[in-house]
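Now for the letters of each chain:
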Amino acid sequence: MNQHTDTDANADATNIPVTGEELVDTYPSYREEADVSLVDLPGRPAETVPGETVLRPDLAGPLEHDLYSHQAEALEALANDENVCVATSTASGKTLVYGLQIARNYLAARRRGEESTAYVCYPTKALSRDQERELNDLFDDLGLEIDVAVYDGDTERGEPRKRIREEADVVISNFAGVNTYLHDHDRWARFFAACDLLVIDESHTYTGVHGMHVAWIVRRLKRVLAYYGSDPQFVLTSATIGNPGAHSSALIDEPVTVVDEDGSPQGPRDLVLWNPPMRTGEEANGVDAISDDATAASASTGRASDDDPPERLPATIEAPQVFSHLTYHDAQTLLFTPSRKLAELSIERAGEHRRRRDRYYLTPDRGTALEPYHAGHSRKKRHGTEHHLKNGLLDGVASTNALELGINVGAMDATVQMGYPGQRQSFWQQIGRAGRGERRALSVLVAEHRTLDQYVVSHPEFLLETDVEDAVVDVDNDAVFAQHVRCAADELALDERDVGEFAKRERLEGALEMWRRAGQVRGHLETGVSYTGSPRPQSSISLYATAGQEYEVRLAEGVDERYDPEMEPLARERVFRDFHEGAVRLHAGQQYEVCEVDHDAPQPYVAVRPTNVDYYTQTRSEVTILDAESEESREIDDTGFDLHYGTGTVLVYHGTYDKVAVHGGKPKDQAIPTDNPPLQMETQLCWLEVPQDVERHLVEEYREYSVPELESEADLGPIPHIGYMGGLHAAEHAMIGVAPLELTLDKRDLGGLSTLTIDSHLAMDAPSAAETPGDDRAPRSIEAARATVRQLSNALEREPASGWFVYDGIEGGLGFSRAIYDEFEALARRAREHVADCDCGRIDGCPACVMDEQCGNDNVPLHRDAAVDIFDRLLGEGDSLEAADTADSERERRPTLFYS
Amino acid sequence: MSNGDGSNLLALPPVVAERSIPALEDVRDYFDPDGVWVIGPNREPKAAARARQVFDPPVVHPPLGDAEPVQRHDLGTLSVVTVQRGAVLEEAGETLATARGCEDGTPTVLVCDDVTTIVRPTALETTLECASELAALAADADRKRLTVLTGGLPATYDRTWSLERESGACLGVGSPQPDPVGADAVVIRVHGLGSVDGYGPARSISSLAISRDCAADDLSATSDDLTIDVETLDADKFGLEAVTGVGPKTAERLEKRGITTRSELLETPVAQLCDLPNVGPTGAERMHAHAEVLETGEPRRLTDEALPGESHRPPLCLDIETDGLSPTIVWQVGVYDPIDDSYRAFVERTDPADPGPVIESFCDWLLGTHPDRALCTWNGWRFDYRHLGAFVNRHAPHYAVEWETIPKFDLYGWVTDGNALLPGRTNKLEDVSSALGYEGSETGLDGAATAAAYQRFMRTGAELEWDRHEAYCEDDCRALWHVYERVREAPRVSGSGSGSGSRSASTSRAGSGDRDETEGTRTSSESEQVGLDSF
């Protein structure tokens with residue numbers, strides 16, 4: 001951390017309306033000193049290069065400014081026929097890179113008397129419209145008549161579309177559109193044949209399931225382009241991520257040159273990490289009636305008892321107050337909220353704050369031109385808000401992450417974040433909205449009371465490390481691959497030329513044979529494979545799910561449209577867990593009850609209606625893993641811990657749910673059946689096996705620990721292993737909890753299982769069932785699965801190992817377990833630090849450290865100290881174990897226990 | 001309607017229980033089946049009972065076979081052994097062995113709705129349910145080949161599975177014929193009976209005409225040497241609902257007023273039809289007109305829109321054959337010229353690896369001898385023009401501009417734009433032309449079969465019966481002209497307006513077409529015609 005050492009960059013510190021220190025000093029309520037930390041981020045001057053050094057005079061001439069060094073570097077690489085990924089900060093002029101490349105190609109083609117086109121893809125339609133203007137302005141400035149057009153779902157059908165296909169030089173779209181339009185590629189023959197450049201803007205947003213689909217759509221697009229004789233270059237622009245090169249290459253399946261030495265200027269910044277104060281009893285009961293579902297769930301996790309872990313005020317309350325305070329002090333401020341509803345509410349809450357503190361805020365109207373902003377608003381309204389921000393008519397805007405991506409609204413004085421946005425790249429992207437040129441800016445992160453946020457505010461150095469999360473794109477998921485194989489065959493017959501290009505032979509043949517047998521394709525690679533299923537396989541692809549369809553969330557019949565929750569479609573796994581009939585979900589501040597789930601409709605859906613009840617629901621889940629097969633394994637640094645990566649079957653049974661009182665968290669009604677069948681997934685796994693001597697030592701160490709309710713429930717009597725088991729369970733939670741610190745993922749896409757008998761979850765070497773089709777082995781119910789595990793456990797010849805599994809919670813996997821396998825030590829180190837440093841002072845932890853709102857076992861048993869011990873051993877930091885190894889060991893019967 | 005000399009087996013989805021009796025009678029009269037199977041595997045006794053009220057031939061609902069899990073029915077020249085469920089397949093051995101076999105020329109098929117495929121994308125694997133039972137059954141009945149029909153798969157499904165005799169393990173799958181197999185294998189041809197994706201909520205009905213293969217050239221390896229001709233129709237294309245503008249609600253209202261058949265509809269004055277909710281004078285007129293077309297088999301024109309070429313020289317009727325729906329070659333281009341009743345075909349018989357020559361010679365001829373003629377196709381905007389255009393651009397780019405300027409006309413598009421009403425329950429050329437009295441040359445081929453045959457030629461060099469395949473293409477060109485003439489001569493519906501459908505359909509819409517792009521929506525686009533596999 002730099003403490004005011006960089007004097008140059010601080011020269012204009014006076015420009016800022018409020019500094020971080022002033023914020024703390026003037027804020028009208030007492031707070032613990034430890035709850036706020038100030039970090040001073042130094043600025044940096046611009047590094048520029050005259051345009052002529054990389055551009056021909058006809059382009060360099062009209063440019064008003066020199067190029068930043070990274071722009072010049074990227075243009076140079078493009079001139080050398082390389083693909084480029086520009087991974088620099090917000091507002092560092094990435095658009096100019098591909099804008100100039102398009103202009104270059106256009107001029108070069110014009111000299112040859114030909115055409116040159118470019119296909120530019122943005123992640124959102126709003127961004128497409130915004131960038132259309134930017135590009136048009138650029139080409140106007142350059143004096144070039146380059147025809148730029150947006151072609152997406154909002155483009156008028158018929159003639160306007162035809163005109164674009166037949167005339168436009170630059171087509172702007174999104175990948176959902178590209179997926180659809182590929183079916184009719186013949187209509188794009190002119191555009192494709194002349195295509196010299198493909199631009200993937202904000203490429204870091206393509207991760208997880210969505211990223212895999214995009215990677216395959218890009219591959220399909222490349223096939224079609226090749227058919228029309230085009231082999232375009234790629235420009236990807238990305239926020240700062242840990243692996244821009246690897247991520248870009250995975251997306252486009254070609255080598256990529258990374259340009260990440262940012263030459264744009266940056267002013268110094270006051271970063272304030274703001275932890276809201278502890279709730280008083282009254283506040284805790286007053287319940288944060290309006291918060292998004294994640295915080296509500298975490299705020300109420302844990303069992304009902306008087307010694308519930310203490311909680312802090314939620315960021316949803318605190319952040320709008322800070323926002324209001326800043327605008328009062330003349331700082332034009334952007335507040336980032338996690339949902340649309342909260343964006344709206346924050347404006348109200350900012351006003352309330354002023355009124356409640358009227359003795360402090362003496363000029364009540366100062367800085368009150370505030371507006372919400374999110375994708376639910378009309379384009380016109382959003383445009384107006386953008387405009388008013390830019391010209392200073394607005395003092396502040398509360399926005400969802402819709403303003404995180406590159407829409408041009410000018411630069412703010414300050415940003416406030418309602419909770420840590422989950423990823424460092426997102427964090428930086430958002431705070432990058434404040435700061436004009438080299439002026440000082442202020443950014444405030446208001447933390448929620450949950451694992452990630454608390455980690456971040458107590459380890460500020462984490463934000464400043466140069467390593468940002470890796471973005472994970474995985475093309476190994478066969479379920480997703482197979483869907484795109486059908487589309488590819490529909491677009492152009494698949495043949496020998498696709499072997500190695502589109503996929504390796506074995507995999508391609510495998511997918512084709514599968515579809516052939518299913519009656520969906522005809523023909524062979526030698527002469528071409530055509531698709532013969534029902535028309536337009538492209539329309540069956542849903543860009544956010546791996547297999548099958550997503551569920552639409554709609555209002556129950558007869559409910560006023562105003563209550564439309566406007567939720568993204570849900571993956572099947574999510575519906576089974578959180579949206580069974582009878583579930584009460586809090587979404588954007590409104591309680592909804594699920595009144596109908598239709599799994600069989602052509603478009604499966606979940607129907608909800610707004611409700612107002614004094615409970616929420618919590619699903620009880622049972623998880624077990626079967627037939628795990630190791631594909632790769634390694635020992636962790638001579639510690640005896642073995643780590644595996646592989647695939648297996650995960651059975652998840654969300655069989656019952658509880659109604660839990662919002663006030664006090666006491667269960668009202670328990671074990672209500674969901675009537676859901678168990679979910680079965682073939683997915684990717686990573687698992688850790690604890691060496692026997694470590695296990696023996698730790699069992700001994702924590703054998704006094706007991707959880708009476710658990711022992712009586714399971715009718716097992718005292719279990720000497722329960723303390724150690726709590727350690728495994730807590731360590732597993734902590735690992736999953738901190739995974740987003742290293743990897744771009746949503747932790748809800750991960751699941752875990754800690755177990756005393758890893759071996760019984762593994763595929764057996766010589767099962768009698770080997771010859772029968774694989775499906776017959778899979779148990780039909782969770783009871784059967786558990787019985788299988790117990791039976792296998794009893795039949796084991798050697799003493800089984802204990803440990804935990806982490807799995808990708810999506811059919812076919814997402815590549816996350818694989819990434820965890822690769823980054824295991826780094827994650828373990830983070831997890832250990834976090835668990836050990838939490839100041840909750842409880843053996844079984846709190847929601848900020850080892851409790852997990854998704855835990856299927858109600859967060860029991862958990863043992864923080866044991867978890868820290870396990871981490872120490874696996875990081876090679878524990879004491880030697882020679883004495884502890886009581887070789888006599890009466891060999892207590894090891895129970896088959898596993899917890900998710 | 002009976003297709004061919006074989007036995008007609010009608011497969012009804014259980015939702016037909018919801019259709020009216022007159023609609024089912026219409027189904028009966030249209031298909032004239034030798035046997036009716038209300039398909040499983042779900043138990044739907046009401047549906048079976050309703051079907052029995054209407055159909056005289058045996059009505060079988062396999063899930064109801066509690067007393068008699070294995071039943072045999074002889075339908076004319078076909079024996080059908082129905083097995084209630086997969087678990088009792090092995091009990092069918094005896095019945096199968098005693099069923100008249102290949103010796104006396106009576107083919108036998110098995111029906112079992114539990115036979116289906118399981119697709120497991122995460123394993124890149126499709127398996128056949130009941131495979132080991134089927135293999136054991138075939139061995140038991142001492143057969144090397146067996147044909148199984150199943151409601152567990154759509155009627156478009158036709159694949160031949162080679163299974164290891166002992167274990168039922170899959171050795172390979174062909175469509176429909178497998179690659180040659182060894183002595184320890186049995187060959188199971190699996191054909192679907194179930195509803196086909198893409199039809200409306202009423203599902204589809206399929207009729208299978210099953211006969212011994214008479215013209216077995218390249219199809220010689222087919223199990224039991226059976227030819228199975230499938231006709232699939234939307235289940236709501238019967239009774240009153242076959243009439244354009246009559247949906248389930250209107251049909252119900254009409255039935256309440258005692259109007260249950262199309263002829264009764266015709267007898268109802270237009271003024272009276274206008275009393276129905278949501279039916280205006282134009283709609284009522286059109287209902288009448290369409291009912292009349294369906295009843296009389298006579299086409300009607302609805303608008304004053306001229307048929308393209310009507311006032312000038314008639315267009316050339318064009319049809320192409322490819323090697324699949326995503327073609328790598330257009331290997332046959334057929335053109336019929338109605339002016340001198342001549343037919344011209346351009347066929348690649350020697351080098352299927354080079355798509356250029358056929359395109360080149362077709363363009364040479366067309367632009368050389370008929371530079372001023374328009375072209376006419378059936379569904380050309382979605383297939384023939386689309387692919388020809390792509391191949392011309394690629395393999396004869398010097399003709400690309402000329403090709404663009406040739407006036408192109410799609411009779412199918414003109415009709416479906418609301419310019420005419422045709423008899424026939426589907427818009428397939430074969431259906432429409434035969435309803436209009438065209439008698440084809442009975443080549444026994446369809447687009448998929450001729451594409452599959454050419455693919456085999458590409459892979460193995462096995463020559464096609466060229467004459468037969470060329471006759472098929474010629475047949476389509478002539479059928480098109482037949483339809484054109486009948487439409488040209490058709491009377492106009494009295495009092496109908498002059499506006500056509502939405503757009504002028506007569507001239508070239510190269511590249512524009514009306515293929516909808518429906519990003520974000522997941523239903524197949526409405527204008528995408530199911531079953532129009534015209535290649």
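A quick note: this is a predicted structure, and the numbers were derived from the prediction, not measured.

(A) Highlighting the overall build of chain B. The secondary structure content of chain B amounts to 15 helices and 21 strands. In chain B, which comprises 535 residues, the proportion classed as buried is 51%.

(B) Seen up close, the environment of A:Val86. Tracing the chain through its elements places A:Val86 in strand E4 (residues 84–87). Linking A:Val86 and A:Thr240, residues 154 residues apart in sequence, is a C-alpha distance of 9.0 Å.

(C) Structural view of the packing of helix H3 (residues 69–79) of chain A against helix H4 (residues 94–112) of chain A. Residue and element names in this part refer to chain A. Contact geometry for H3 and H4: axes closest at 9 Å, N-to-C directions at 35 degrees. Classified by chirality, the crossing of H4 by H3 is right-handed. Contacts from Gln71, Ala74, Leu75 and Leu78 of H3 reach H4 at Leu96, Val97, Leu100 and Gln101. Partitioning the contact of H3 with H4 into residue classes produces 6 nonpolar, 2 polar and no charged.

(D) Representation of the domain arrangement of chain B. All names here are of chain B. Domain parsing of chain B yields domain 1 (7–234), domain 2 (239–296) and domain 3 (316–489). Counting residues at the interface gives 4 residues for domain 1, matched by 5 residues for domain 2. Partitioning the side of domain 1 that touches domain 2 into residue classes produces 2 nonpolar, 1 polar and 1 charged.

(E) The arrangement of helix H20 (residues 505–517) of chain A in detail. The end-to-end C-alpha distance of H20(A) is 18 Å, a good match for the 18 Å that 13 residues give at a rise of 1.5 Å each. Of the residues one or two after H20(A), A:Gly519 is the one with positive phi, at around 80 degrees.

(F) Local environment of the domain arrangement of chain A. All names here are of chain A. Each domain of chain A was delimited in the assignment, giving domain 1 (13–43 + 267–277 + 312–468), domain 2 (48–259), domain 3 (478–540), domain 4 (552–619) and domain 5 (623–899). Counting from both sides, the interface comprises 13 residues of domain 4 and, opposite them, 15 residues of domain 5. Secondary structure elements with two or more residues in the side of domain 4 that touches domain 5: helix H21 (572–578) and strand E24 (615–635). Element by element, the count of residues in the side of domain 4 that touches domain 5 is highest for E24, at 5 residues. The class makeup of the residues in the side of domain 4 that touches domain 5 is 5 nonpolar, 5 polar and 3 charged.

(G) The arrangement of the pairing of E24(A) in detail. Residues and elements named next belong to chain A. As judged from the 17 bridges shared by E24 and strand E25 (residues 642–661), these two strands associate in the antiparallel manner. Bridge assignment links Thr619 to a residue of E25, and that residue is Tyr657. Two successive antiparallel strands, E24 and E25, enclose a turn made up of 6 residues, where Asp637 displays a positive phi of approximately 40 degrees.

(H) Just the confidence of the model for chain B, in detail. Residues and elements named next belong to chain B. Overall, the prediction assigns chain B a mean pLDDT of 82, with 86% of residues at 70 or greater. Of all helices and strands in chain B, the one with the weakest mean pLDDT is helix H3 (residues 93–98) (80), whereas strand E17 (residues 330–337) scores best (96). Low pLDDT, under 50, characterises residues 214–223; the predicted model gives this stretch 20 contacts beyond four residues in sequence or across chains. Contacts from residues 496–535, a stretch scored under 50 in pLDDT, to residues over four places away or in other chains number 88 contacts. Predicted complex, confidence summary: ipTM 0.84, pTM 0.80.

(I) Molecular detail of the nonpolar core. Among the nonpolar cores identified, the biggest contains 248 residues, and A:Val446, A:Val606, A:Ala731, A:Ala734, A:Met735 and A:Ala867 are the most heavily contacted of them. When residues of this core are assigned to their parent elements, the largest contribution, 12 residues, is made by helix H24 (residues 722–742) of chain A. The residues contacting A:Met735, other than those within four sequence positions of it, are A:Val806, A:Leu827, A:Ala828 and A:Ala831. Counting residues in hydrophobic clusters, the runner-up holds 143 residues, among them B:Val80, B:Ala131, B:Val173 and B:Ala396.

(J) Main features of the sheet that holds strand E12 (residues 333–336) of chain A. All names here are of chain A. Spatially, 7 strands are ordered E1-E11-E16-E15-E12-E14-E13 in an open sheet, and the strand pairing comes out mixed. Taken across any chain shown, the strands that pair with only one partner, and hence form the sheet edges, are strand E1 (36–41) and strand E13 (370–373). Each strand of the sheet is rotated relative to its neighbour by a mean of 15 degrees, with strand direction disregarded. Pairing analysis gives 4 bridges linking E12 to strand E14 (residues 396–399), with the strands arranged parallel.

(K) Structural detail: unusual backbone geometry. Residues and elements named next belong to chain A. Following Val860, the chain continues to Pro861 via a peptide bond in cis, the omega torsion being -10 degrees. Along the chain, Pro861 falls in the loop between helix H27 (824–837) and helix H28 (864–874). For Arg536, which is not glycine, the phi torsion reads 55 degrees and is therefore positive. Looking at the secondary structure, you find Arg536 in the loop between strand E19 (528–531) and strand E20 (552–555). Given 24 C-beta atoms within a 10 Å radius, Arg536 is considered buried. Unlike most non-glycine residues, Asp627 shows phi in positive territory, near 55 degrees. As for its placement among the helices and strands, Asp627 is situated in strand E24. Residue class for Asp627 comes out partly exposed when judged on the 19 C-beta atoms lying within 10 Å of it.

(L) Structural context of the environment of B:Thr426. Residue and element names in this part refer to chain B. One can find Thr426 in the loop between strand E21 (420–421) and helix H13 (429–435). Among the residues examined, Thr426 registers 18 C-beta atoms within 10 Å and is labelled partly exposed. Separated by 169 residues in the primary sequence, Thr426 and Arg257 have C-alpha atoms spaced 28 Å apart.

(M) The arrangement of the environment of B:Glu404 in detail. Residues and elements named next belong to chain B. As for its placement among the helices and strands, Glu404 is situated in helix H11 (residues 400–405). Residue Glu404 is classed as partly exposed on the basis of its C-beta count, with 14 C-beta atoms lying within 10 Å. When the C-alpha positions of Glu404 and Asp431 are compared, they lie 31 Å apart, and in sequence the two are 27 residues distant.

(N) Structural context of the sheet that holds strand E8 (residues 195–200) of chain A. Residue and element names in this part refer to chain A. Taken in spatial order, the 7 strands of this open sheet run E6-E7-E5-E8-E9-E4-E10, and their pairing is parallel. The sheet is open, and its two borders are formed by strand E6 (148–150) and strand E10 (257–259), each paired with just one other strand. Neighbour-to-neighbour, the strand axes of this sheet turn through a mean angle of 15 degrees, independent of strand direction. Looking at chain direction, E4 and E10 are connected through 3 bridges and run parallel. Looking at the pairing, Val84 lines up with Thr257 of E10. Strands in contact with helix H5 (residues 125–142) are E6 and strand E7 (170–173); relative to E6, the strand with the most contacts, it is inclined by about 175 degrees.

Rules behind the numbers
- Residues numbered from 1 in each chain as written.
- Chains lettered and ligands numbered in written order.
- Predicted model: local features only at pLDDT ≥ 70, side-chain atom pairs only at ≥ 80, totals over all residues.
- Helix = DSSP H or I, 4+ residues; strand = E, 2+ residues; numbered from the N terminus.
- Buried ≥ 20, exposed ≤ 12 C-beta atoms within 10 Å, placed from the backbone.
- Axes fitted to C-alpha atoms, helices over the stretch in contact; angles between N-to-C directions.
- Left-handed = near helix turned anticlockwise from the far one by under 90°.
- Contact = placed C-beta atoms within 7 Å.
- Nonpolar A, V, L, I, M, F, W, Y, C, P; charged D, E, K, R; others polar.
- Domains from an automatic or database assignment.
- Expected span 1.5 Å × (residues − 1).
- Pairing = 2+ DSSP bridges.
- pLDDT = per-residue confidence, 0-100.
- Core = buried A, V, L, I, M, F, W, Y, C linked by C-beta atoms within 7 Å.

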